[in-house]
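Structure at a glance
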Amino acid sequence: MEILNAPNRETCTVKRERTNTPLQALVTLNDPQFVEAARFLAERTLKESGNTPESQLDFISMRILSRKLSPAEKALVLSVRTDLLEYYSKNMEEAKKLQTFGAYKSDPKLNLAELSAWTMTINSLMNLDEVLCR
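In this text, all values refer to a predicted model and were calculated from it rather than measured experimentally.

1. Observations concerning the overall build of the protein
Along the protein, the regular secondary structure elements total seven helices and zero strands. Going from N to C terminus, the protein has its helices and strands arranged as α-α-α-α-α-α-α. For the protein, the proportion of its 134 residues judged to be buried stands at 37%. Look at the contacts in the protein between residues 6 or more apart in sequence, and 60% of them connect residues 24 or more apart.

2. Some points on the side chain of Asp58
Structurally, the position occupied by Asp58 is in helix α3 (residues 53–64). Residue Asp58 is classed as buried on the basis of its relative accessible area, which comes to 18%. Apart from the residues within four sequence positions on either side, Asp58 is in contact with Lys68 and Lys74.

3. Details of the nonpolar core
Counting 19 residues, the largest nonpolar core has Leu41, Leu57, Ile60, Ile64, Trp118, Ile122 and Leu125 as its most contacted members. Elements that contribute at least two residues to this core include exactly α2 (32–48), α3, α4 (71–90) and α6 (112–125). Apart from residues no more than four positions distant in its own chain, Ile64 is found in contact with Leu41, Ile122, Leu125, Met126 and Val131.

4. Some points on the environment of Val131
As for its position among the elements, Val131 is in helix α7 (residues 129–132). Here the alpha-carbon distance between Val131 and Ser66, two residues 65 residues apart in the chain, equals 9.4 Å. Apart from the residues lying within four places of it in its own chain, the contact partners of Val131 are Ile64, Leu65, Leu125 and Met126.

5. Quick look at the packing of α2 against α6
The contact between α2 and α6 brings their axes to 8 Å, and the two run at 125°. Comparing their axes, α6 and α2 come out oblique. Viewed along their axes, α2 and α6 form a crossing whose handedness is right-handed. Touching Phe34, Val35, Ala38, Arg39, Leu41, Ala42, Glu43, Thr45 and Leu46 of α2 are Glu114, Leu115, Trp118, Thr119, Ile122 and Asn123, all from α6. Its residues assigned to classes, the contact of α2 with α6 comprises nine nonpolar, three polar and three charged.

6. Let's talk about the side chain of Ser116
Positionally, Ser116 belongs in helix α6. Taking relative accessible area as the criterion, Ser116 reaches 0% and is therefore assigned buried.

7. Remarks on the pattern of salt bridges
With the rule as written, the count across this model stands at 10 salt bridges. For Arg67, the salt bridge identified is with Glu73, shortest N-O distance 3.0 Å. Judged by relative accessible area, Arg67 falls into the partly exposed class, the value being 26%. The partly exposed category is assigned to Glu73, whose relative accessible area is 29%. Bridged by salt links that share partners, the residues Glu43, Lys47 and Asp107 form one connected network.

8. Let's talk about α6
With 14 residues, α6 should reach 20 Å at 1.5 Å per residue; the first-to-last C-alpha distance of 20 Å fits that figure. Along α6, the residues classified as buried are Ala113, Leu115, Ser116, Ala117, Trp118, Thr119, Thr121, Ile122, Asn123 and Leu125. The N-terminus of α6 is capped by Asn111, whose side-chain oxygen sits 3.0 Å from the backbone nitrogen of Ala113.

Cut-offs and rules
Residues numbered from 1 in each chain as written. Predicted model: local features only at pLDDT ≥ 70, side-chain atom pairs only at ≥ 80, totals over all residues. Heavy atoms only, no water. Helix = DSSP H or I, 4+ residues; strand = E, 2+ residues; numbered from the N terminus. Buried < 20%, exposed > 50% of the residue type's maximum accessible area, 1.4 Å probe, protein only. Contact = heavy atoms within 4.5 Å. Core = buried A, V, L, I, M, F, W, Y, C linked by side-chain atoms within 4.5 Å. Axes fitted to C-alpha atoms, helices over the stretch in contact; angles between N-to-C directions. Parallel < 35°, antiparallel > 145°, perpendicular 65-115°, else oblique. Left-handed = near helix turned anticlockwise from the far one by under 90°. Nonpolar A, V, L, I, M, F, W, Y, C, P; charged D, E, K, R; others polar. Salt bridge = Lys/Arg side-chain N within 4 Å of Asp/Glu carboxyl O. Expected span 1.5 Å × (residues − 1). Polar contact = N/O pair within 3.5 Å; in protein donor to acceptor, adjacent residues only side chain to side chain.

Right under this line is the structure:
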């Protein structure tokens, strides 16, 4: 809890303060539980949302942020996802490693590069202050 600058459990806190500690980013971007949570949401996205990246991103943002992204935010996130998809399409070994990280096993029927791209995109979204503090 200290790494995340979270209050101790001795008192009640109505709202957690913003933090910019680099340790928080290190935990949320690399901890197996965060990666697995991102991968699980990526799987749900590919199985339950529409077939377009835009509809998939709407599905994700409603679950993580409880709101749709603005057009500027959406363009930025889709750009990141496109770059990641290109990377994982060329580096399938890295995509395989990502899908075996942690205890949760991913669905082998899904496109590995696409699943990995969404996993890392979601993982970065889960690191937003808006997600962590609300």
